[in-house]
Amino acid sequence: MRHNWRRSVVFLAVVGSFWMSTGLLSAETSPEGVTISSIQVAGNVTLTRAQILSVVRARVGQAFNVSLSTGDAERIAKLDAAESAYYNTQIQGDGLILTYVVVERNLVRSISFKGQEKLGVQVLSKDLPFKRGDYLDVFAVRAGVDTLAELYQKKGFPWAVVEVDEEAMLLGNVIYIINEGPKVKIASLKFVGNTSLSSRQLARAIKTKNKKFYLFSSYYKAAQLEKDTQKLLEIYHKKAFLDAQVKSDITFNEDKTKCFIVFNITEGPVYIVDSIHYVGNAFFDIETLQKDTKLRRDYYYSEAWAEFDTKKIRAKYGQVGFINAQVTVNRTFLPGARVKVEFNIKEENRYRIGEVVISGNTTIQDHVIRRVLDEEGFTPGEWYNADIARGDGEGELEKIIRQTVVTESAMIYPAGEGPDTRDAQVTIKEGQTGSIMLGAGVASDSGVMGQISLDQRNFDIADTPESWGELLTGKAFRGAGQRFRISLNPGTVVSTYSVSFTEPYLYDKPVALSLGGSSFERGRESYDEDRLAATVALEKRYPGKLRRGVSFRAENVGISDLDTTAPKEVLDAKGDNHLFGVRFYFEKNTTDSRFRPSRGHNFDAGYEQVLGDYTFGVFSATQRWYKTLYEDLSENKTVLETKVSAAAIVGDAPLFEKFYVGGIGSLRGFEYRGISPRSGSQDDPVGSDWMVTGNAEVAVPLGGETFSALFFTDVGTVETGGVRASVGVGVQILIPQFFGPVPMRFELAAPLMQDSKDETQAFSFSVGALF
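On a predicted model such as this, the values are computed, not experimentally measured, just so you know.

Considering the pairing of strand β26 (residues 600–612)
So, point 1. Judged from the 11 bridges that link them, strand β25 (residues 575–589) and β26 form a sheet pairing that is antiparallel. What sits directly across from Gly581, in β26, is Val610.
So, point 2. Looking at chain direction, β26 and strand β27 (residues 616–631) are connected through 11 bridges and run antiparallel. By the bridge assignment for β27, Gly600 is matched with Tyr626.
So, point 3. The turn joining β26 and β27, which pair antiparallel and follow one another in sequence, is formed by three residues.

Right, dumping it as structure tokens:
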């Protein structure tokens, strides 16, 4: 047999250290009472002499004591770098030399992989629970085998085998030996036994695919297949097939490079609601409890719907002060796949709000949070609304606080022991309210534009710094819930620069005060336009998501660098033009989402009166509707958005204040400002005194919310040229970012109706990305 000298050395070292640590080697040379003349350390490599002696209690000049020195060795062994420790003694003359010997923990001296080809070293090393230079933990190294095997599974290598070289590990060299095996391509994916739900519907609901985006190969991942099997079962249960069974069967070709997946489905009967009963309700009648619920007699029964109705009934009680109301659902299966449903209700006591106690805020002032509560009607004396203040951070009021005040979390839960009141304990965890962001965007209408922005959403204009240190560390100008933003957007075609300040609760009322200054530069067809403006706005919010406001602007518009062919309308506006406007407006927004609305509407309308070098008025209004046309089995929504916009000028307005139609956000299929009355030898656009546009767009999700296919039609008209119309298709990509998704849109459109002087553009795009 070949002699393994490395293993022998390690074995002898371990046995020797154990023997000495028990005192057997030093028993004959360690007499009690001999004076310690010297204390030495040995065996240490990374531990310093000072670190070792810091836990030693024996001292030079003391009488040697076995118990004390044994305790010293035990304390040394507990140091992070120590594997074990012992002592030995040597009598020299009239004294005793006491030596503490440390056996240090082994280090990870190297990490390497053998046999890997498809995955790089950086990918393999990323999820290992240790790195080179760490103390060697045998259990962590062995756990790395499972980590790497799981990684290969996720990457589509189901046959991958990973081992660790145990001998090399004892010397600190971690070597993983990998047999990757083939990457298994999904050759086919079938559904068998499904009759009520089509194979196409089921395929769209799962992540296991035989093709990605109908073009690229997809690979077998066992964990994902298991999740998808469970997902299909949940879908059938949701659709009232309570007895449904789903099994995934997989076969492989001879060399195991391809697999064939079959989902075998046994649907079973559809369960129908036989009857619905309510027990224990005294405050609400049955008609009120049934409002907005989903289960209906002689209609499909679904566990998801039963849970939805349970939460809905509980929410109704919670809204009017029944904090501790309990609602449970019992189901009884009857012959013929019918279900008797019974909601059991325990109403408990009803409470009003006592005190509102706020905690967790260090920089955000109390009144910043209280004014949000006041606006939502959650104030002392009112019924405690446990539906919007659920105590788990997911209630509507908790979400409003989190979004409005910009906190990491916000939870409101009842506290106290009053007979008919409960205090509201508002606990928040402050988040990052300030940001410095760099970004870039490009659009077919406005070219490339960069972005540098400073945004503080918890600004306090009155909190001036007492030192430069407070200013530089961000401790000043914080706490009042105001917003201060500086944005610099230089571009190849358009450049904008702005600074703004917003107090969302003026005098702690639901009134927003906004102040701003901005600069705008853009080259037009036969001239350059630059604007310098100052704005002031007041907006009051009302219940029911209604807002109305008034805004003021003072603006200088410069028209310069005129071409020799510039039309008369441009020549008339040459130089500086001073405008002073006041605008009255109102808005109502009932949409269900700020970024991806799927239902509701948004209406805004206003009138602006402009004075200065010109006198005119502007009426404008826009109405948007959102409706969900279809929701697939993964709850991805196909949404129809329709929009109608109209505006008109009363009086004599200059060309830079008139209306132009065409381009992104207007009539696609036409160039930006491509629809307009024209003038001059080059037929330059000079703007219309009125315009009307209409848009209808259907967004169809492509396997998720990130990608959507767009189908749209646009129509519009200005004072010349008749009605224009176009149809088109496109793709939308939403990139998740800090405060919401950044959209990317690519659109292809063709005009159906146009004027001979209109400028068309088949392809348009806009890309915005933060980095």
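Observations regarding unusual backbone geometry
So, point 1. Phi angles above zero are rare outside glycine, and Asp292 is one such case at about 70°.
So, point 2. With respect to the element layout, Asp292 can be found in the loop between α9 (286–290) and α10 (303–319).
So, point 3. Under the relative-accessibility criterion, Asp292 is labelled partly exposed at 47%.
So, point 4. The phi angle at Ala337 is positive, at roughly 55°, despite the residue not being glycine.
So, point 5. Along the polypeptide, Ala337 turns up in the loop between β13 (326–334) and β14 (338–346).

As for the packing of aromatic side chains
So, point 1. Tallying each qualifying case throughout the model produces 23 aromatic pairs.
So, point 2. Judged by centre distance (5.3 Å) and plane angle (15°), the rings of Phe191 and Phe263 are stacked. A residue pair is termed long-range when its members are at least 10 positions apart, and Phe191 in strand β7 (residues 185–192) and Phe263 in strand β11 (residues 258–266) qualify at 72 residues. Neither residue differs from the other here; Phe191 and Phe263 are each classed as buried.
So, point 3. Both rings, one in Tyr278 and one in Phe343, keep their centres 5.5 Å apart while their planes meet at 15°; by these two values the pair is stacked.

Focus: the side chain of Asp632
So, point 1. Mapped onto the secondary structure, Asp632 falls in the loop between β27 and β28 (637–651).
So, point 2. One buried charged side chain, Asp632, makes no salt bridge at all; its nearest oppositely charged neighbour is Arg204, positioned 4.1 Å away.
So, point 3. Within the structure, Asp632 has its side chain in polar contact with the backbone nitrogen of Asn636 (distance 2.8 Å).

Basis of the calculations
- Residues numbered from 1 in each chain as written.
- Predicted model: local features only at pLDDT ≥ 70, side-chain atom pairs only at ≥ 80, totals over all residues.
- Heavy atoms only, no water.
- Pairing = 2+ DSSP bridges.
- Helix = DSSP H or I, 4+ residues; strand = E, 2+ residues; numbered from the N terminus.
- Buried < 20%, exposed > 50% of the residue type's maximum accessible area, 1.4 Å probe, protein only.
- Phe/Tyr/Trp six-rings, centres within 6.5 Å; stacked < 30°, edge-to-face > 60°.
- Lys, Arg positive; Asp, Glu negative; His and termini not counted.
- Salt bridge = Lys/Arg side-chain N within 4 Å of Asp/Glu carboxyl O.
- Polar contact = N/O pair within 3.5 Å; in protein donor to acceptor, adjacent residues only side chain to side chain.

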